Amino acid sequence: MDRPRASIVLLASGSPDDLRACAETLRESIGAGDEVIAVVPGHRRELTAVLARYAGLIDRDLGVVDGPLVAARRAGFAAARHEIVVFLDGDTVLSAHWLDPVLAAFADPTVVASAPRCHRTFGGAAVDLVPQAVANVPAFKRYARTWRAEHRGMFTDTRGLSPVVLAVRRQGLAELGGPDAFVSFEPLRRAGRVVVAEESLVAHVGHERCALIEPEDLQAPLLSACLIVKDEEELLGGCLDSLAGLVDEVVVYDTGSTDRTCEVAAAHGARVVPGYWEDHFGEARTRALAHCTGRWVLWVDADERVVLDGGATAGATALRDRLEAATEAGLGVQIISQEGSGSARSTTFACRLFRRATSVLAHRLHERPVSVVHGGSTFEGSTSLAHLEHLGYLQTRFVERDKASRNLRLAESLVADSGGTTLTDRARALVDLGRTQVVAGRTEDGLATLGEAFALDPDVEVLMPLALFGVQTAIGAGRLELARRWQARLEERARATTVAAACAARLALAEGDAEAALAALARLPVDAVAESGYDTSRGGLADVEIAALTQQGRWRDAAEVLARHPAGAGLPIPLVAALELLARAGLDESVLAARVRDTDLVAVVLDGLGAPPGRVDRLLEALWTAHPGRGAVLAAASRTAPALPVARALEWSARLRSAGLGSHCPLLAQAGDDRRPPAARLRAAAVAVGTFDDPAAVTVFTEVWSGLGAVDRAGLAGELALYAPRLVGEAPGGNRSTAVPAGR
């Protein structure tokens, strides 16, 4: 195969045995005119003795290069003599002729970077191999021969390559300032194509001794907060306020704001980094990550708020102590998303705290931290010391930011990107697209896409969220047979998981088998769990438990489930349904009011306005008792009370007037409503005059009274005089009336 000569920069890595295996297999693939440049990162000095045994292979041994990993890469790059430079991690096992197709790609002058398929890594060149293929070096070489025959001559364009092994044009990378810790592929893509040589295959050993893991600087700050933003002036301040006292620095990567976002960030002490957006969340967040200095990173969005257990000061201390003592690469936190008008909640878990030295952010949509070594999840533990409250799915904001169409575009691109990647990544991309299609209202398209993901028979890590969302969506669409098939697949592969039990409970409920649904729920833990990123605890499926209990007529039991649902988690069922449940259980609305937080009042009262007026009134009274003086309750009462009897409207009118909101008086609203009978209008006006001496009520009374005939006046005069004795004066014979302001 014709191909250019190359300078191979061999970065000492892994264990001594790993490095020896790499050198042995590298010897088999070096061509005439190629050169090998060995370099040892400063934190791997013990590997110099291994390289000394391969003097015949290595043209230049640069020895130990102190400093961060990028220093070793830059030293090797500067020493290279050929136009094509290959960066090779020393804990890889190479197949025969792996280098030839990688270099042959450069026969196309538009190609600026190329790489082989690589087992155990991240990026566009990653591939998952079956365990038998990597059991030992001979097994891998046999597998690679078959692979090469099946993929001969194939090249796939991609957005980026792995840091484990890649080849670049020296001049192009030099013009960009040389290599960074890995390689920045965004500017390279602007110069030409980035491709994977499909017939070439290497395996990355990739364990904790990989040189890609730099030792943590214990003198560095403990915790950085990292955000990417665009036009977030409305919400950013609240997010940054929630970080105060917790983090050591805040990095805000701005992707092109046209409002005051950058000014707000700077005013809060954040370091603002001008950036750009290329429809890829993972890449944008990784660019932002490069500006962080903390040992740990907290990734948040502008529409999220950090809530610390135990309060701001004590909570911050506890969480920082947890990070100082942590052994995990990343920690999951609970994310509580407000949905609709805000009283509804959904709970998920995500790895939002991770070690900077060992992680990058991957994936175009629904990005997540992955290991720089093996490309797998860094989600190794969790903490309940903090959670995030997410406002991004509130109905008005979701529409305003047009998230559905944006996410759909990104999800479609994600699937297009995944054509040559691992089966796991392909399945995950299809899951993301299917979910996004459903959220965008394209349910049938979403079910078809999820079916494609099932057909790939993905591993359990992907199968669980796929089944959880797929079964629920199929049930909602009335496709119970499809839901049964997907549930059966999950039970076969992952029967003991909480996800399987959660899906079984929802399916049994849809089939009308309340007893089976409750039995499945009994398999779930009481407290929140983070399996597959969803809360699949019994509390997380409170809506299912309530529905199953009500199917059995167990209203009081269902109400108890509602009552014990955590206040911060919102309502598990719509508010109107919750009110109906309490009524059937013989309980009053105080059960709900006691679990509503001050911050949720607006959302709760807005949702409650859809219930019958009497029921809304009872809820508002309970909320007033639990949250006296709150404007949200008064605002809702000003809309509801005009439909109530006069005596009840009077109570709310007194409260509104005491708060200086007399213009919103329900009695005035009743009196001024020309759709109401004249007698009802006069009654409301008279009560307003007699109780509050309101001139506006006098005006309305006079107008309505003057339109009545003598008989009607005579019939009402006695009653109205009881409310406002000096308001109604009758002329002799009852033929005329005079409206006399009370108190005159």
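Here, the structure is the one placed above.
Cut-off values and rules
- Residues numbered from 1 in each chain as written.
- Predicted model: local features only at pLDDT ≥ 70, side-chain atom pairs only at ≥ 80, totals over all residues.
- Heavy atoms only, no water.
- Phe/Tyr/Trp six-rings, centres within 6.5 Å; stacked < 30°, edge-to-face > 60°.
- Helix = DSSP H or I, 4+ residues; strand = E, 2+ residues; numbered from the N terminus.
- Buried < 20%, exposed > 50% of the residue type's maximum accessible area, 1.4 Å probe, protein only.
- Lys NZ or Arg CZ within 6 Å of the ring centre and 35° of its normal.
- Axes fitted to C-alpha atoms, helices over the stretch in contact; angles between N-to-C directions.
- Parallel < 35°, antiparallel > 145°, perpendicular 65-115°, else oblique.
- Left-handed = near helix turned anticlockwise from the far one by under 90°.
- Contact = heavy atoms within 4.5 Å.
- Nonpolar A, V, L, I, M, F, W, Y, C, P; charged D, E, K, R; others polar.
- Expected span 1.5 Å × (residues − 1).

## Quick notes on the packing of aromatic side chains
Overall, the coordinates contain six aromatic pairs when judged by the stated rule. Ring centres of tryptophan 624 and tryptophan 652 lie 6.0 Å apart, and the angle between their planes is 80 degrees; on these two criteria the pair is classed as edge-to-face. Remark: tryptophan 652 occurs in helix 27 (residues 646-658) and tryptophan 624 occurs in helix 25 (residues 613-626); sequence separation between them is 28 residues. Each member of the pair, tryptophan 624 as well as tryptophan 652, carries the same accessibility label: buried. Relative to tryptophan 705, the ring of phenylalanine 701 lies with its centre 5.6 Å away and its plane at 15 degrees, an arrangement referred to as stacked. Residue phenylalanine 701 and its partner tryptophan 705 are located together in helix 30 (residues 695-706), separated by four residues, close to a single helical turn. The lysine or arginine in question, arginine 170, covers the ring of phenylalanine 77, its NZ or CZ lying 5.3 Å from the ring centre.

## Regarding unusual backbone geometry
Although it is not a glycine, aspartate 279 adopts a positive phi angle of roughly 55 degrees. By relative accessible area, aspartate 279 is classed as partly exposed at 21%. With a phi close to 50 degrees, aspartate 457 is a non-glycine residue in the positive phi region. As for its placement among the helices and strands, aspartate 457 is situated in the loop between helix 15 (443-455) and helix 16 (460-476).

## Remarks on the packing of helix 18 (residues 498-510) against helix 19 (residues 514-521)
Orientation of helix 18 relative to helix 19, taken along the N-to-C sense of each, is 165 degrees, at an axis distance of 7 Å. The angle between helix 18 and helix 19 falls in the class roughly antiparallel. Remark: the crossing between helix 18 and helix 19 carries left-handed chirality. Seen from helix 18, the contacting residues are Ala501, Ala504, Ala505, Ala508 and Leu509; seen from helix 19, they are Ala516, Ala517, Ala520 and Leu521. Residues belonging to the contact of helix 18 with helix 19 are distributed by class as follows: nine nonpolar, no polar and no charged.

## Here's the deal with the environment of tryptophan 555
Along the chain, tryptophan 555 turns up in helix 21 (residues 555-564). Here the alpha-carbon distance between tryptophan 555 and leucine 682, two residues 127 residues apart in the chain, equals 43 Å. Discounting residues that sit within four places of it in the chain, tryptophan 555 has contacts with Thr550, Leu581, Arg584 and Ala585.

## What to know about helix 14 (residues 423-439)
With 17 residues, helix 14 ought to run about 24 Å at 1.5 Å a step, and its terminal C-alpha atoms sit 24 Å apart, in line with that. Within helix 14, twelve of the 17 residues are buried, which leaves the element mostly enclosed by the surrounding structure. Of the positions making up helix 14, those classed as buried are Thr424, Ala427, Arg428, Ala429, Leu430, Val431, Asp432, Leu433, Gly434, Thr436, Gln437 and Val438. Buried residues along helix 14 sit in contact with strand 19 (368-371), helix 13 (403-417), helix 15 and helix 16.

That's the geometry; what it means functionally is another story.
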